[in-house]
Amino acid sequence: MTDHLGVETLEIRKPDLIEMWQDFQISTMPDMISAMNLCHVVHALASTPLLARIRNGQNDSANGLFSGMDRAVSEQMLRYLVLRGVLEEWHGSYVLTRKGAMLTSEIALARLGFYVEAYGPVLRKIPDLMRGDAVYGVDVERDGGPLSRHSGTIFAKYYTPVVLAAMHAGNAKQILDLGCGSGRLLLDACLQDPDITGVGLDIAPDAIEFARELAREHGLEERLSFVVADAFDPAGWPDVCKQADLISAVGVLHEHLRDGQDAVVRILDAYATMLRGDRMMLIGEPEPHFDDKENDSDFLLVHMLTAQGLPAARDVWLDIFDRSRLTCRRILTRATAGPRTCFYELVAPR
């Protein structure tokens, strides 16, 4: 075959190579590779000033889109995102497509950051962990800072309504949030209800400082306080933690299942000493469904790799509560989609 320039083109067709390429396509590996790369580039876009500038209309080189950036690399990344349908380019200006707006929403980026940023150091070491060349907690660890931030964003959006429902039903006005991370759940609760005050407790000083800064930014420093302490050692809590009407612990207790159910019972018994009068505790725990919906398989994967106790089914938790000094008075669940979490309302026997 000769093209319009008079240069001959010869197409070589070998059935075995065609079959090999078709197998590769059918395997969905191309889609997996594209999804992996898109995850990293979207995370990079959000981690640089580019996403905020594009959102704010500072979206071309003339008004400083690439200020402080390597323009050549950044332009190629934006070109890639145009090809992937995340951005639209028009005469050098970039805007988010509808798909791009959804991919870069607060919740989408938090869930992406949970895996790419917080658990990225662990996921990159899977071969070493499998061979025994690395041990979690010694040679590799998840990144606690991003974990607190991203989990806090997810908790605030999905779980705050459940916490507020429990507080309103029990006429509770002050909340103590154990393992508060960035303090987003408390922040969101206070923004939605002006009568609520709260205390956040976390063992990570960086997370507590970040939470304090968020409270200051939103003018809530008079209603919220944050302390560095061990959520699993009530005896060591400062006095400010002992006045709460409701103690919340979302997504933190299951990690102690790695030490067995008796260890969790002992922690619950320690909490029971704090629940005098009408005080109550709300424990939110992810329910494992062992399917590929809502990233359940991915959530289980990172727990398998990080020596944590795996999330447990509802009947397991109810059995644990029965063995403790606390009584499960009510179970709260969400009717809408989101991380599938069950909330247990606990009280101490009178």
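Residues numbered from 1 in each chain as written. Predicted model: local features only at pLDDT ≥ 70, side-chain atom pairs only at ≥ 80, totals over all residues. Heavy atoms only, no water.

**Q** Looking at this model, I keep getting lost on the environment of glycine 277. Mind explaining?
**A** Along the polypeptide, glycine 277 turns up in the loop between α13 (261-272) and β7 (280-286). Using a relative accessible area of 54% as the deciding quantity, one classes glycine 277 as exposed. (Helix = DSSP H or I, 4+ residues; strand = E, 2+ residues; numbered from the N terminus. Buried < 20%, exposed > 50% of the residue type's maximum accessible area, 1.4 Å probe, protein only.)

**Q** Would you explain the packing of aromatic side chains in this entry?
**A** Any pair of aromatic rings gets described here by the distance separating the centres and the angle formed by the planes. Within this structure, the stated rule accounts for nine aromatic pairs. On the numbers, 5.1 Å between centres and 40° between planes, the contact of phenylalanine 155 with tyrosine 159 is tilted. A relative accessible area of 4% places tyrosine 159 in the buried class. Both rings, one in phenylalanine 321 and one in tyrosine 344, keep their centres 5.1 Å apart while their planes meet at 65°; by these two values the pair is edge-to-face. Residue phenylalanine 321 is located in helix α15 (residues 314-323), and its partner tyrosine 344 is located in strand β9 (residues 341-347); the two are separated by 23 residues in the primary sequence. The burial state of phenylalanine 321 is the same as that of tyrosine 344; both residues are buried. By the ring-pair criterion, three or more aromatic residues cluster together here, those being Phe114, Tyr115, Tyr119 and Phe299. (Phe/Tyr/Trp six-rings, centres within 6.5 Å; stacked < 30°, edge-to-face > 60°.)

**Q** What should I look at first to understand the sheet that holds β9 in this one?
**A** Across a sheet, paired strands are connected by hydrogen bonds in the backbone, their directions being either parallel or antiparallel. If you walk across this open sheet you meet the seven strands as β5-β4-β3-β6-β7-β9-β8, and the pairing is mixed. Bordering the open sheet on either side are β5 (224-228) and β8 (327-333), each of which pairs with just one other strand. Mean inter-strand twist for the sheet, computed between neighbouring axes without regard to direction, equals 20°. The pairing of strand β6 (residues 246-250) with β7 spans five bridges and is parallel. By the bridge assignment, isoleucine 247 is partnered in β7 with methionine 281. Here helix α10 (residues 160-169) sits on the sheet and contacts β3 (174-178), β6, β7, β8 and β9; the angle it forms with β7, its principal contact strand, is near 160°. (Pairing = 2+ DSSP bridges. Axes fitted to C-alpha atoms, helices over the stretch in contact; angles between N-to-C directions. Contact = heavy atoms within 4.5 Å.)

**Q** What is the right way to read the side chain of histidine 43 from this model?
**A** With respect to the helices, strands and loops of the structure, histidine 43 is situated in helix α2 (residues 29-47). With relative accessibility at 17%, the residue histidine 43 sits in the buried group. For histidine 43, the contacting residues outside a window of four places in its chain are Leu112, Gly113, Val116 and Glu117.

**Q** Sorry, what's going on with helix α6 (residues 106-118) here?
**A** Along an α-helix, residues three or four positions apart point the same way, because every turn accommodates 3.6 residues. Along α6, the sharpest change in direction is near 30° and occurs at leucine 112. Elements in contact with the buried residues of α6: α2, α3 (50-55), α5 (98-103), α7 (120-123), α9 (144-158) and α14 (296-305). (Bend = angle between axes of the 7 residues up to and from the residue.)

**Q** Teacher, can you tell me more about the pairing of strand β4 (residues 197-202) here?
**A** Walk down a regular strand and you will see the side chains alternate between the two sheet faces. Of all six residues in β4, five are buried, a share of seventy percent or more. As judged from the five bridges shared by β3 and β4, these two strands associate in the parallel manner. The partner of isoleucine 175 across the bridge, within β4, is glycine 198. The handedness of the β3 to β4 crossover, carried by helix α11 (residues 184-192), is right-handed. With five bridges connecting them, β4 and β5 associate as parallel partners. Across the sheet, the residue bridging to leucine 201 is valine 227, located in β5. In the classification by handedness, the crossover that spans β4, the intervening helix α12 (residues 205-217) and the parallel β5 is right-handed. (Right-handed = clockwise from strand over helix to strand, strands pointing away.)

**Q** I keep staring at the pairing of strand β2 (residues 93-96) and nothing clicks. Help me out?
**A** Direction of pairing for strand β1 (residues 87-90) relative to β2: antiparallel, over a ladder of four bridges. Looking across to β2, one finds that glutamate 89 is bridged to tyrosine 94. A loop of two residues connects β1 with β2, the two strands running antiparallel in sequence, and histidine 91 in this loop sits at a positive phi of about 50°.

**Q** Help me out: how do you make sense of the side chain of serine 151 in this one?
**A** Relative to the assigned elements, serine 151 resides in helix α9. With relative accessibility at 13%, the residue serine 151 sits in the buried group. Apart from residues no more than four positions distant in its own chain, serine 151 is found in contact with Phe114 and Pro146.

**Q** Before we go on, may I ask you to explain the environment of alanine 211 in this structure?
**A** Tracing the chain through its elements places alanine 211 in helix α12. Distance in space between the C-alpha atoms of alanine 211 and serine 148 is 9.8 Å, their sequence separation being 63 residues. When sequence neighbours within four positions are dropped, the list of residues in contact with alanine 211 reads Gly181, Ser182, Gly183 and Phe226.

**Q** What is the right way to read the confidence of the model for the chain from this model?
**A** Where the model shows low pLDDT, its predicted coordinates should not be examined in detail. Per-residue confidence for the chain gives a mean pLDDT of 91, with 97% of residues at or over 70. The element-level mean pLDDT for the chain is lowest in α9, coming to 83, with α5 highest at 98. (pLDDT = per-residue confidence, 0-100.)

**Q** Please clarify how the nonpolar core should be interpreted in this entry.
**A** In a soluble, globular protein the nonpolar side chains are often hidden away together inside. Leu176, Leu178, Leu201, Trp237, Leu268, Met281 and Trp317 are the most contacted members of the largest nonpolar core, which has 34 residues in total. Elements that contribute at least two residues to this core include exactly β3, β4, β6, α13, β7, α15 and β9. Per-element accounting of this core gives the leading share, six residues, to α13. Excluding residues that lie within four positions of it along the chain, leucine 176 makes contacts with Val199, Leu201, Trp237, Cys241, Ala244, Leu246, Ile247 and Ser248. Leu187, Ile196, Phe226 and Val347 belong to the second-largest nonpolar core, a separate cluster that totals 32 residues. (Core = buried A, V, L, I, M, F, W, Y, C linked by side-chain atoms within 4.5 Å.)

**Q** Looking at this model, I keep getting lost on the packing of α9 against α11. Mind explaining?
**A** The geometry of a pair of packed helices is captured by two quantities: the angle between their axes and the separation between those axes. For the pair α9 and α11, the least separation of the axes is 7 Å and the interaxial angle reads 35°. Handedness of the crossing formed by α9 with α11: right-handed. Counting all contacts with α9, which are made through Gly152, Thr153, Phe155 and Ala156, the residues of α11 involved are Arg184, Leu185 and Asp188. Split by residue class, the contact of α9 with α11 holds three nonpolar, two polar and two charged. (Left-handed = near helix turned anticlockwise from the far one by under 90°. Nonpolar A, V, L, I, M, F, W, Y, C, P; charged D, E, K, R; others polar.)

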